[in-house]
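# Structural description and commentary
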Amino acid sequence: GAVVSQHPSRVICKSGTSVKIECRSLDFQATTMFWYRQFPKQSLMLMATSNEGSKATYEQGVEKDKFLINHASLTLSTLTVTSAHPEDSSFYICSARDPRTGVLHSYEQYFGPGTRLTVT
Amino acid sequence: RKEVEQDPGPFNVPEGATVAFNCTYSNSASQSFFWYRQDCRKEPKLLMSVYSSGNEDGRFTAQLNRASQYISLLIRDSKLSDSATYLCVVYKAAGNKLTFGGGTRVLVKP
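As the structure is a prediction and not an experimental result, all values here were calculated from the model. (Residues numbered from 1 in each chain as written. Chains lettered and ligands numbered in written order. Predicted model: local features only at pLDDT ≥ 70, side-chain atom pairs only at ≥ 80, totals over all residues. Heavy atoms only, no water.)

### A closer look at the overall build of chain B
The cut-off we apply is this: Strands here mean DSSP runs of E at least two residues long; helices mean DSSP runs of H or I at least four residues long; both are numbered from the N terminus. We compute the radius of gyration over the C-alpha atoms and compare it with the globule rule, which gives 2.2 Å times the number of residues raised to the power 0.38. Burial status follows relative accessibility: with a 1.4 Å probe on protein chains alone, a residue under 20% of its type maximum counts as buried, one over 50% as exposed, and anything between as partly exposed. We call two residues in contact whenever any of their non-hydrogen atoms come within 4.5 Å of each other.
On a plain count of helices and strands, chain B comes out with 0 helices and 11 strands. Its C-alpha atoms give chain B a radius of gyration of 13 Å, within 12% of the compact-globule value 13 Å for 110 residues. Each principal axis of the C-alpha atoms in chain B carries an extent, and together these give about 45 × 30 × 20 Å. Expressed as a percentage of its 110 residues, the buried residues of chain B come to 45%. Of the contacts made within chain B by residues no fewer than 6 positions apart, 58% connect residues no fewer than 24 positions apart.

### Some remarks on unusual backbone geometry
Note that the residue after His-7 of chain A, namely Pro-8 of chain A, is joined by a cis bond; omega there is 0 degrees. Relative to the helices and strands, Pro-8 of chain A resides in the loop between strand S1 (4-7) and strand S2 (10-13). In the segment running from Gly-9 of chain B into Pro-10 of chain B, the intervening peptide bond is cis, with an omega of 10 degrees. Along the chain, Pro-10 of chain B falls in the loop between strand S1 (4-6) and strand S2 (11-14). Despite not being glycine, Asp-77 of chain B has its phi angle at roughly 45 degrees, a positive value. Position of Asp-77 of chain B relative to the elements: it lies in the loop between strand S8 (70-75) and strand S9 (84-92).

### Here's the deal with the environment of Ser-26 of chain B
Residues and elements named next belong to chain B. Inspection of the secondary structure assignment puts Ser-26 in the loop between strand S3 (19-25) and strand S4 (32-38). C-alpha separation for the pair Ser-26 and Leu-47, spaced 21 residues apart in sequence, amounts to 22 Å. Once you skip the residues sitting within four places of it in the chain, Ser-26 turns out to touch Arg-1, Lys-2, Glu-3 and Gln-69.

### Section: the state of the cysteines
Stated precisely, the cut-off is as follows: Cysteine sulfur pairs qualify as disulfides if the two atoms are within 2.5 Å.
On inspection of all chains with the given rule, the structure shows 2 disulfides over all chains. Residue pairing for Cys-23 of chain A: its cysteine sulfur links by disulfide to Cys-94 of chain A, the two sulfurs lying 2.0 Å apart. Judged by the torsion about the S-S bond (80 degrees), the Cys-23 of chain A/Cys-94 of chain A disulfide is right-handed. Of the two residues, Cys-23 of chain A sits in strand S3 (residues 19-25) while Cys-94 of chain A sits in strand S9 (residues 90-97), which places them 71 residues apart along the sequence. Between the sulfur atoms of Cys-23 of chain B and its disulfide mate Cys-88 of chain B the distance is 1.9 Å. Between Cys-23 of chain B and Cys-88 of chain B, the S-S dihedral sits near -65 degrees, and the bridge is therefore left-handed. Placement of Cys-23 of chain B in strand S3 and of Cys-88 of chain B in strand S9 is noted, with a sequence separation of 65 residues between them. The residues Cys-23 of chain B and Cys-88 of chain B share a single accessibility class, namely buried.

Structural data, given as structure tokens:
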């Protein structure tokens, strides 16, 4: 099946610094990728939808200037958490849609293993 | 009101027993429904889709009730390895995105 990777798997950074998380589709070209955030004991919340070659679409309440998303190629999307603060500490998960599954299965997403961010 | 709601549990289940739990969704325009499984500190993984007529995959049975806007998951002959958080997920074509419930935690004990 389709595989999605994320890097790094875990990162600890100091408050005020920026952190970049990469999401790669390994065996397919993903025109659409999604970024989720999951706080402890809570469910996944969609942050934004990343479309290759265009601006990301952010969900309500997500600051686009703080969470910069770049989807410069069909296999890579990046999320940069700028000026990170302790409240940004969370589990960030990306997913990608495999266009080969066709329109009928446009809901199928393959999830990356997640990146655990800790801001001290 | 949350768009997708689940009993957080935990459901403590003796090994070999049956456990069932529901998920309710608020948007009647929801089109597709899924159960995902998430292990601690891991990404969610698709367990099964939920079809209108109900469907079974081994020990797992999923049901959809559109009139009452809920889906259910039943696990028979529970195994220790079934211990996980089960996420109810709803898809709407408008918006083209998945919405996750808060998850139901299941603990299977010997």
